[in-house]
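Chain residues, written in single-letter form:
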Amino acid sequence: MGLPDHARLGLAYGMSLLAWWTDSAPRPFAASFAVTNRCNLRCSYCNTPFLDPRELPLADVRTLFDRLRGLGVRRLGLVGGEPLVRRDIDAVVDCAKQAGFHVSLNSNLLLYQRRREVFDPVDLVFTSLDGGPEVHRRNRGEASFDGVTGAVRDLVGRGKPVIAIAVVTSDALEPVDFLLDEAESAGFKVHFQPQCTDTEIVRGGLDDRLTDEGLRSLWTGILRRKREGRPIASSTHYLEAQSRWSDFRVSAWLDPEARCAAGRGFLYVDPQGNAYPCAYTKGKAQPVSLLEEDWRSAFPGRTPCTRCNVGPMLEFNLLFQRPLSSSLAALDRLE
Ligand SMILES: C[S@@+](CC[C@H](N)C(=O)[O-])C[C@H]1O[C@@H](n2cnc3c(N)ncnc32)[C@H](O)[C@@H]1O
Ligand code: SF4
């Protein structure tokens, strides 16, 4: 990402922060749009493929992007489901770039060889790697590892920044070290996120053998590796918060004393064009159709929860709660 792009993003973030501080109309600088719920995998912890398969046609996607721009959004994450199963994903990405967004794309990369050109205009690629082949296949299915590391190397060779998201499903450090060694040799970074539970887009629960103490110690180990300079995209504040999280079976809760920036600083849009403060609140907060309503007046200003350890949401929240110690570089790694 070049400097002018950084500057534009920085400005949008600054405006968003100001609106949040002054408690004025929401001015989100970032949005995630799930282009589809459909997927070519059935990962053990993900419920997205079982949700409504309908998608906005391209003309509506264009309108949606105009609305998001109008709200102040400059950073757009294209997520899913699996975006590459959408035939017109190349047109969706082009549309997002034409609208002037800094665009990231999340993909399991299984269709990478067939859809290589889709990535040409993309600014940042997120993929999924839960550890070595055995751990990854256990979590995500037999064919889920095929070609992924090759695709990551190819993307890095094309000059694309790549972040692999690792869902933490054990308290062992081997998958962490495997990923960090792989990341160092191939030139990508790793973002670790706890397995989150109890919301519409996820399924399943944590392995019964996992204890909070064991998980806190795992996160402390990841934090130490971050301080040692290993290629970890997750921020230090985020890793500190994970290493202090009290109950990993509760991903989010309502603390009346706390304030969450979801809906004000960032938002989530599902494949039918319904907006929610964040992906975790889908099914818990009232949907707002962005094609029909204005988020600024429709968003009630409250979120169903105010504290969470959900990977991307916690990172975004830290940008609002600890802005002075968060750097612009953080904008590069958010989903
Ligand atoms: C929903 S997927 C969409 C993109 C693409 N299909 C993929 O798997 O990379 C986005 C990320 O959420 C992660 N994810 C899915 N279910 C999760 C859960 N219960 N807790 C934490 N992360 C989860 C996935 O592993 C993936 O890295
Ligand atoms: S995590 Fe990604 S690849 Fe796995 S089922 Fe969910 S959307 Fe599909």
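Let me sum up the structure you'll find in this document. (Residues numbered from 1 in each chain as written. Chains lettered and ligands numbered in written order. Predicted model: local features only at pLDDT ≥ 70, side-chain atom pairs only at ≥ 80, totals over all residues.)

What follows covers the site of ligand 2. Taken together, the residues surrounding ligand 2 are Cys39, Leu41, Arg42, Cys43, Cys46, Thr48, Pro49, Gly80, Gly81, Glu82, Asn108 and Arg140. Residue composition of the shell around ligand 2, by class: 5 nonpolar, 4 polar and 3 charged. (Near = placed C-beta within 6 Å. Nonpolar A, V, L, I, M, F, W, Y, C, P; charged D, E, K, R; others polar.)

With 6 of 7 residues buried, strand β5 (residues 162-168) lies mostly within the body of the structure. Alignment of strand β4 (residues 124-128) against β5, held across 4 bridges, turns out to be parallel. Paired with threonine 127 across the bridge in β5 is alanine 164. Bridging between β5 and strand β6 (residues 189-194) involves 6 bridges; their strand directions are parallel. (Buried ≥ 20, exposed ≤ 12 C-beta atoms within 10 Å, placed from the backbone. Helix = DSSP H or I, 4+ residues; strand = E, 2+ residues; numbered from the N terminus. Pairing = 2+ DSSP bridges.)

The buried fraction of strand β3 (residues 102-106) is high, at 5 of 5 residues. For strand β2 (residues 75-79) and β3, the ladder comprises 4 bridges, and the chain directions are parallel. In the sheet register, leucine 78 faces β3, and the bridge partner there is leucine 105. Handedness of the β2-helix α3 (residues 89-98)-β3 crossover: right-handed. Bridging between β3 and β4 involves 3 bridges; their strand directions are parallel. Bridged to asparagine 106 within β4 is phenylalanine 126. (Right-handed = clockwise from strand over helix to strand, strands pointing away.)

Attention shifts here to the environment of lysine 226. By the secondary structure assignment, lysine 226 is in helix α7 (residues 212-227). For the pair lysine 226 and leucine 239, spaced 13 residues apart in sequence, the C-alpha separation works out to 8.7 Å.

Near ligand 1, the surroundings consist of 19 residues, among which Tyr45, Asn106, Ser128, Ile165 and Val202 are the closest. If you list the elements that add at least two residues to the shell around ligand 1, you get β4 and β5.

What follows is about unusual backbone geometry. The amide bond that connects glycine 80 to the next residue, glycine 81, takes the cis arrangement and shows omega of 20 degrees. Mapped onto the elements of the fold, glycine 81 is located in the loop between β2 and α3. The backbone phi angle of leucine 109 is positive, close to 65 degrees, even though this residue is not glycine. Structurally, leucine 109 can be placed in the loop between β3 and β4. Phi at aspartate 198 is positive, roughly 60 degrees, even though this residue is not glycine.

Glancing now at the sheet that holds β6. Read from one edge to the other, the open sheet built from 9 strands follows the order β6-β5-β4-β3-β2-β1-β8-β9-β10, with strand pairing classed as mixed. Every other strand in the sheet has two partners, leaving β6 and β10 (288-289) as the edge strands with one partner each. Pairing of strand β1 (residues 30-34) with β2 involves 5 bridges; the strand directions are parallel. Bridged to alanine 34 within β2 is valine 79. Where helix α5 (residues 148-157) meets the sheet, it contacts β4 and β5, and its direction lies at approximately 150 degrees from that of β5. (Contact = placed C-beta atoms within 7 Å. Axes fitted to C-alpha atoms, helices over the stretch in contact; angles between N-to-C directions.)

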